[in-house]
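# Reading the structure
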Amino acid sequence: MEIKKLLEKAIYYLNDSEYTNPYYEARLILSGLLDKDLSYIISHEDENLSENISNKYLDILKKRSDGWPLAYILGETEFYGNKFYVDEGVLIPRRDTEISVETISKIISKNKIKNILEIGSGTGIVSISLAKENEDIEFDCIDISDKAISNTKKNIKFHNLSNVRVFKSDIYSNVCKKYDLIYSNPPYIKREEISKLQKEISYEPITALDGGVDGLIFYRRIIKDLDEYLSKNGFLVLEIGYDQKEDIYQLLSNYNHSCIKDLSSLDRVIIASKGEIDV
Ligand SMILES: C[S@@+](CC[C@H](N)C(=O)[O-])C[C@H]1O[C@@H](n2cnc3c(N)ncnc32)[C@H](O)[C@@H]1O
């Protein structure tokens with residue numbers, strides 16, 4: 001079938017979904033299947049594709065119309081201007097998390113930071129984005145999920161970094177030193193809200209989403225033992241849900257704290273320290 005006919009099928013399969021951009025997604029899927037870039041797909045719309053490729057493409061469109069996330073279909077996504085592999089069973093990077101990278105970059109530019117711990121690294125996007133720009137800083141990523149650890153390893157290798165390592169740990173269970181900065185974007189969705197989220201999210205791992213009854217269990221655990229793992233006047237940086245700031249500030253009553261908003265003006269990242277916060 002011709003590329004242009006296959007693209008028209010995307011309108012049929014994907015037009016009802018409020019979260020898709022049918023032509024763009026269809027072109028991305030075809031470019032992945034043909035191993036060509038997007039400009040090739042756009043400039044070769046009359047090309048006839050084999051039955052095998054056409055059928056594979058139509059199968060993918062059907063799955064996509066059921067909500068199967070594009071990042072899992074393509075096996076990759078873009079974050080902070082870089083390509084990252086995304087494996088099924090690992091949280092798909094969110095654009096909002098770029099605010100965490102920007103916030104940590106500002107802290108790094110104003111303070112002497114020699115090592116960073118990331119709790120719950122998922123695909124590794126945050127530590128890897130920062131490690132590419134800060135070769136003198138050591139990054140330790142931990143996650144409880146074997147799939148996340150393997151995905152982070154794959155991305156460390158792809159970006160050819162020697163200053164990032166990843167190991168399994170249940171929060172601090174296998175962590176045995178202090179860090180100048182500890183970062184986490186932990187699971188923070190209230191349990192009862194998970195089933196009400198977009199269909200696409202049901203394909204993502206529950207261990208990356210479920211923050212317990214009130215959405216705060218991981219923040220409590222991270223903050224409870226923080227003094228043991230954070231250097232004197234070190235920084236804790238947390239990505240949070242838009243309505244969690246006040247609850248987390250209460251947990252951080254022994255620390256100075258401040259909050260950064262995202263592009264929609266929603267509370268997104270908390271910084272805490274026993275020293276001065278100048279960001
Ligand atoms: C919301 S995801 C964040 C992933 C990644 N940092 C990002 O921003 O895309 C939370 C991560 O925490 C991990 N996680 C869940 N429970 C954990 C635990 N007890 N200890 C360590 N990591 C955990 C999950 O496997 C998941 O990868």
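Not measured: the values here are computed from a predicted model.

### Thoughts on the overall build of the chain
If you tally the helices and strands in the chain, you get twelve helices and nine strands. Against the 2.2 N^0.38 benchmark of 19 Å for 279 residues, the chain shows a C-alpha radius of gyration of 21 Å, consistent with a compact globule. Dimensions of the chain, computed from the C-alpha atoms along their principal axes, are close to 65 × 40 × 30 Å. Within the structure as shown, the chain displays about 14,000 Å² of accessible surface, and the carbon and sulfur contribution to it stands at 47%. For the chain, the distance from the average site of its 37 positive side-chain charges to the average site of its 47 negative ones is 3 Å.

### Re the pairing of strand 9 (residues 267-273)
Both faces of the sheet carry side chains from a regular strand, because those side chains alternate between them. The buried fraction of strand 9 amounts to seven of the seven residues, a majority that puts the element mostly inside the structure. In terms of strand pairing, strand 7 (residues 230-239) meets strand 9 through five bridges, oriented antiparallel. Bridging across to strand 9, Phe235 finds its partner in Ser273. Across six bridges, strand 8 (residues 256-261) lies against strand 9 in antiparallel orientation. Its bridge partner being in strand 9, Ser258 is matched across the sheet by Ile271. Turn length for the strand 8-strand 9 hairpin, with the two strands adjacent in sequence and antiparallel, is five residues, and the turn residue Ser265 shows positive phi of about 65 degrees.

### Some remarks on the site of the ligand
The ligand sits among 21 residues. The nearest are Gly120, Asp143, Asp170, Ile171 and Asn185. When the ligand sits alone it has 600 Å² of accessible area, and the protein chains cover 96% of it. Of all elements in the fold, only strand 4 (138-143) and helix 10 (217-224) reach the threshold of two or more residues within the shell around the ligand. Grouping the constituent residues of the shell around the ligand by class yields nine nonpolar, eight polar and four charged.

### As for the pattern of salt bridges
Once the charged atoms of two side chains with opposite charge are near each other, the side chains can pair. Going through the model one piece at a time under the given rule, you end up with 25 salt bridges. With its nearest N and O atoms 3.0 Å apart, the salt bridge here joins Lys168 to Asp146. Pair noted here: Lys168 is in strand 5 (residues 164-168) and Asp146 is in helix 8 (residues 146-158), with a separation of 22 residues, a long-range link. Between Lys274 and Asp227 there is a salt bridge, with the nearest N and O atoms lying 3.1 Å from each other. Taken as a pair, Lys274 in the segment after strand 9 and Asp227 in helix 11 (residues 226-229) lie far apart in primary sequence, 47 residues in all. What makes Lys274 partly exposed here is its relative accessible area of 43%. Using a relative accessible area of 44% as the deciding quantity, one classes Asp227 as partly exposed.

### A look at the domain arrangement of the chain
Taken domain by domain, the chain comprises domain 1 (3-66) and domain 2 (89-273). Between the C-alpha centres of domain 1 and domain 2 there is a distance of 35 Å.

### Brief notes about the side chain of Ser184
Here Ser184 is to be found in strand 6 (residues 179-184). Residue Ser184 is classed as buried on the basis of its relative accessible area of 0%. A polar side-chain atom of Ser184 sits 2.8 Å from the main-chain carbonyl oxygen of Ile119. Sequence-distant contacts of Ser184, defined by excluding residues within four places in its chain, comprise Ile119, Ile222, Val237, Leu238 and Glu239.

### Here's the deal with the environment of Ser39
Note on placement: Ser39 falls in helix 3 (residues 38-43). Taking C-alpha positions, Ser39 is 9.3 Å from Arg27, a pair spaced twelve residues apart along the chain. A polar contact of 2.9 Å, which involves the side chain of Ser39, links it to the side chain of Asp37.

The rules we used
Residues numbered from 1 in each chain as written. Predicted model: local features only at pLDDT ≥ 70, side-chain atom pairs only at ≥ 80, totals over all residues. Heavy atoms only, no water. Helix = DSSP H or I, 4+ residues; strand = E, 2+ residues; numbered from the N terminus. Rg over C-alpha atoms; globule rule 2.2 N^0.38 Å. Areas by Shrake-Rupley, 256 points an atom, 1.4 Å probe, with all protein chains shown as cover. Lys, Arg positive; Asp, Glu negative; His and termini not counted. Charge placed at Lys NZ, Arg CZ, Asp CG, Glu CD. Buried < 20%, exposed > 50% of the residue type's maximum accessible area, 1.4 Å probe, protein only. Pairing = 2+ DSSP bridges. Near = heavy atom within 4 Å. Nonpolar A, V, L, I, M, F, W, Y, C, P; charged D, E, K, R; others polar. Salt bridge = Lys/Arg side-chain N within 4 Å of Asp/Glu carboxyl O. Domains from an automatic or database assignment. Polar contact = N/O pair within 3.5 Å; in protein donor to acceptor, adjacent residues only side chain to side chain. Contact = heavy atoms within 4.5 Å.

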